[in-house]
Amino acid sequence: MKVDTDQALSAGAMEVFTSLLGHGSWEIRGKAARDIMDISFPLEGKRRAVKVLCVPVLVKLLADKNFHVRAQAAGALMSIAITTEGKQQSIAEGAVEALISLLQADDSSDVRLNVIKAITMLAEAPQGREKLVQIVPILEDIRNTGGP
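These remarks concern the structure in this document.

Definitions and limits used
- Residues numbered from 1 in each chain as written.
- Predicted model: local features only at pLDDT ≥ 70, side-chain atom pairs only at ≥ 80, totals over all residues.
- Heavy atoms only, no water.
- Helix = DSSP H or I, 4+ residues; strand = E, 2+ residues; numbered from the N terminus.
- Buried < 20%, exposed > 50% of the residue type's maximum accessible area, 1.4 Å probe, protein only.
- Contact = heavy atoms within 4.5 Å.
- Areas by Shrake-Rupley, 256 points an atom, 1.4 Å probe, with all protein chains shown as cover.
- Lys, Arg positive; Asp, Glu negative; His and termini not counted.
- Charge placed at Lys NZ, Arg CZ, Asp CG, Glu CD.
- Axes fitted to C-alpha atoms, helices over the stretch in contact; angles between N-to-C directions.
- Left-handed = near helix turned anticlockwise from the far one by under 90°.
- Nonpolar A, V, L, I, M, F, W, Y, C, P; charged D, E, K, R; others polar.
- Core = buried A, V, L, I, M, F, W, Y, C linked by side-chain atoms within 4.5 Å.

A few points about the overall build of the protein chain
Okay, so step 1: A count of helical and extended segments in the protein chain gives eleven helices and zero strands.
Okay, so step 2: Each principal axis of the C-alpha distribution contributes one length, and for the protein chain these read about 45 × 30 × 25 Å.
Okay, so step 3: A buried classification covers 50% of the 148 residues belonging to the protein chain.
Okay, so step 4: Long-range pairs, those at least 24 residues apart, make up 68% of the contacts in the protein chain with a sequence separation of at least 6.
Okay, so step 5: Total accessible area on the protein chain is roughly 7600 Å²; 55% of this is exposed by carbon and sulfur atoms.
Okay, so step 6: Across the protein chain, 17 positive and 18 negative side-chain charges occur, with their mean positions spaced 1 Å apart.

Right under this line is the structure:
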């Protein structure tokens with residue numbers, strides 16, 4: 001389905017999807033995180049995600065019991081963290097530490113793929129790079145053997 005992201009953002013979609021991140025159903029949480037990723041591809045979507053504080057909720061969802069929710073939350077963080085503001089908010093909310101834990105412990109290829117993408121974005125910021133240098137051996141192991 002093609003979505004007009006400008007129209008969705010104008011209608012308050014980011015706020016609605018952010019509120020759904022706390023829903024009791026893992027399916028709703030996962031779809032809300034995916035939708036946040038989708039509408040945060042344009043720059044205005046990234047800015048809105050930071051403004052409505054969906055990053056702290058997405059960071060918490062990195063510890064969700066359901067792998068689908070974790071994968072979608074990491075994907076949304078990856079999209080938001082393309083901007084400097086998104087990187088700064090993600091780092092301040094503990095995304096680096098949560099992503100490192102997921103990389104070391106999660107067996108889901110979907111989760112790992114989005115975690116690596118998010119880590120790539122956060123490593124562009126000096127504060128993120130300082131924290132992420134410790135996982136270079138883990139990333140090399142994943143590249144060489146498929147897992148830590």
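Some remarks on the packing of helix α5 (residues 54–61) against helix α6 (residues 67–80)
Okay, so step 1: Relative to each other, α5 and α6 sit at 145°, their axes nearing to 8 Å. The interaxial crossing formed by α5 with α6 has left-handed handedness. Residues C54, V55, L58, V59 and L61 of α5 form the contact with α6, whose own contacting residues are V69, R70, A73, A76, L77 and I80.
Okay, so step 2: Here the residues of the contact of α5 with α6 sort into ten nonpolar, no polar and one charged.

Side note on the environment of D141
Okay, so step 1: Relative to the assigned elements, D141 resides in helix α11 (residues 136–145).
Okay, so step 2: The sequence separation of D141 and P126 amounts to 15 residues, and the corresponding C-alpha distance is 24 Å.

Notes on the nonpolar core
Okay, so step 1: Of all hydrophobic cores here, the largest spans 46 residues; its most connected members are I36, L58 and L99.
Okay, so step 2: Here this core takes eight residues from α6, the largest share from any one element.
Okay, so step 3: Filtering out sequence-adjacent residues up to four positions away, I36 remains in contact with M14, F17, T18, L21, C54, L58, A76 and I80.

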